Structure formats: C-alpha cells, structure tokens
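Per-entry structural report
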Amino acid sequence: MQTYSHTQNLPHNHIAASVNVETGEVKVSKKRPNNIPPNKSIIKATYMKRINGSWEFLRKKCTPKEIEVVNHLVDITNYKNNSLEPLSDETSLRSLSTQFNISRRDVEKVFDKLFKLGVYGKFDVYKEIHHKYWVLNPYLSFAGNLVNNELVSLFEGTKIHEAFLEYHNN
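Residues numbered from 1 in each chain as written. Predicted model: local features only at pLDDT ≥ 70, side-chain atom pairs only at ≥ 80, totals over all residues. Heavy atoms only, no water.

Tracing the sequence through the fold places histidine 161 in helix α6 (residues 159–169). A residue is classified by how much of its surface remains accessible, and histidine 161, at 10% relative accessible area, is buried. In this structure histidine 161 touches Tyr139, Phe155 and Glu156, once residues within four positions along its chain are discounted. (Helix = DSSP H or I, 4+ residues; strand = E, 2+ residues; numbered from the N terminus. Buried < 20%, exposed > 50% of the residue type's maximum accessible area, 1.4 Å probe, protein only. Contact = heavy atoms within 4.5 Å.)

In structure tokens:
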C-alpha cells in the first residue's frame with residue numbers, strides 16, 4: 001500500500017480526515033489537544049526573558065554589586081508592563097539602600113549610573129493623581145514572547161539598546 005503525505009492549513013473549526021475512494025470509508029485524523037510537541041512541556045509560571053547582548057554589555061560596564069542591583073530590579077519588575085512601581089525618584093535613599101542591600105552613600109551613584117546606561121527609565125503620568133515610577137528597559141529583560149511596541153520605543157537609543165543592536169546585528 002502506497003501512502004501520501006499532504007500538509008494543509010485548516011480553520012480552527014475544521015478537522016482533517018482521510019477518505020478511502022474505493023470503500024467510501026472516512027477516518028477522522030487524530031489531533032493533538034494542542035500544538036505543543038510531544039517531547040515538550042509548558043511550565044505554568046511567570047518568567048522574564050533576559051536579552052543576551054544587553055547583559056554582556058552590562059557585565060563589562062558594571063561592578064558585581066551593580067549587576068546584583070540590576071538582577072534585583074528584574075526580579076521586582078511587573079511582568080505585564082515592565083514597571084518597577086513603586087520605585088521612583090521619590091523613593092527614599094534609605095529605602096533603596098535597604099531594599100537593594102547597598103550603602104546609603106552609594107545609592108545615588110549606583111542608580112544614576114544604571115539610569116544613564118539605560119537600565120531603567122523614569123515615567124510620569126497623570127491618572128486622577130500624579131504617578132511617577134521607573135520602568136525596566138525591555139532590551140534588558142521582559143516577560144513572555146511579545147512586548148508592547150510603545151514600551152520598546154521609549155528605550156530606543158539608550159546604551160542598552162545600542163548594545164542589543166550591536167550583538168544581534170553581528
């Protein structure tokens with residue numbers, strides 16, 4: 001018996017079947033319950049992607065303590081919009097010192113350096129009250145497979161973005 005293989009895209013409400021032209025027998029093709037390959041699994045958890053070229057750039061430009069601060073920022077990022085809320089310029093040095101385990105005299109220097117490298121941006125919006133908060137650069141890390149273009153555009157031209165482009169264009 002000779003067999004044939006044919007791939008065809010079907011609408012979501014259709015299923016594939018084979019018809020024996022000699023007997024008229026119709027066999028409905030067995031469909032996997034999802035499109036996940038049989039040897040793969042999904043871990044149901046929130047996760048953040050880390051972008052290779054950007055992290056290599058940071059490892060060259062930052063001290064181990066500064067990298068630790070960036071890792072902590074990634075850990076506290078809101079996975080829906082990369083917000084670092086409630087962190088903002090109004091967050092006290094004492095609070096930042098405690099939360100990130102760095103001396104109070106180094107807080108301004110560390111966060112100023114990370115801001116200038118493009119690790120995070122400062123965001124201001126008025127929704128009934130004035131909100132100020134920081135946003136993590138998506139060229140460094142973001143959740144899921146898709147990222148909002150408006151968020152990405154906020155960080156174009158930063159040093160992190162340039163490192164990302166250099167890494168991914170070579």
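A word on unusual backbone geometry. For the peptide bond that leads from glutamate 85 to proline 86, omega is 20 degrees, which places it in the cis range. Structurally, proline 86 is set in the loop between α2 (64–76) and α3 (93–100). The backbone of asparagine 82 shows a phi angle near 65 degrees, a positive value even though the residue is not glycine. Given a relative accessible area of 2%, asparagine 82 falls into the buried group. Of note in this structure, asparagine 101 is not a glycine but carries a positive phi near 55 degrees. Structurally, asparagine 101 is set in the loop between α3 and α4 (104–117). By relative accessible area, asparagine 101 is classed as exposed at 57%.

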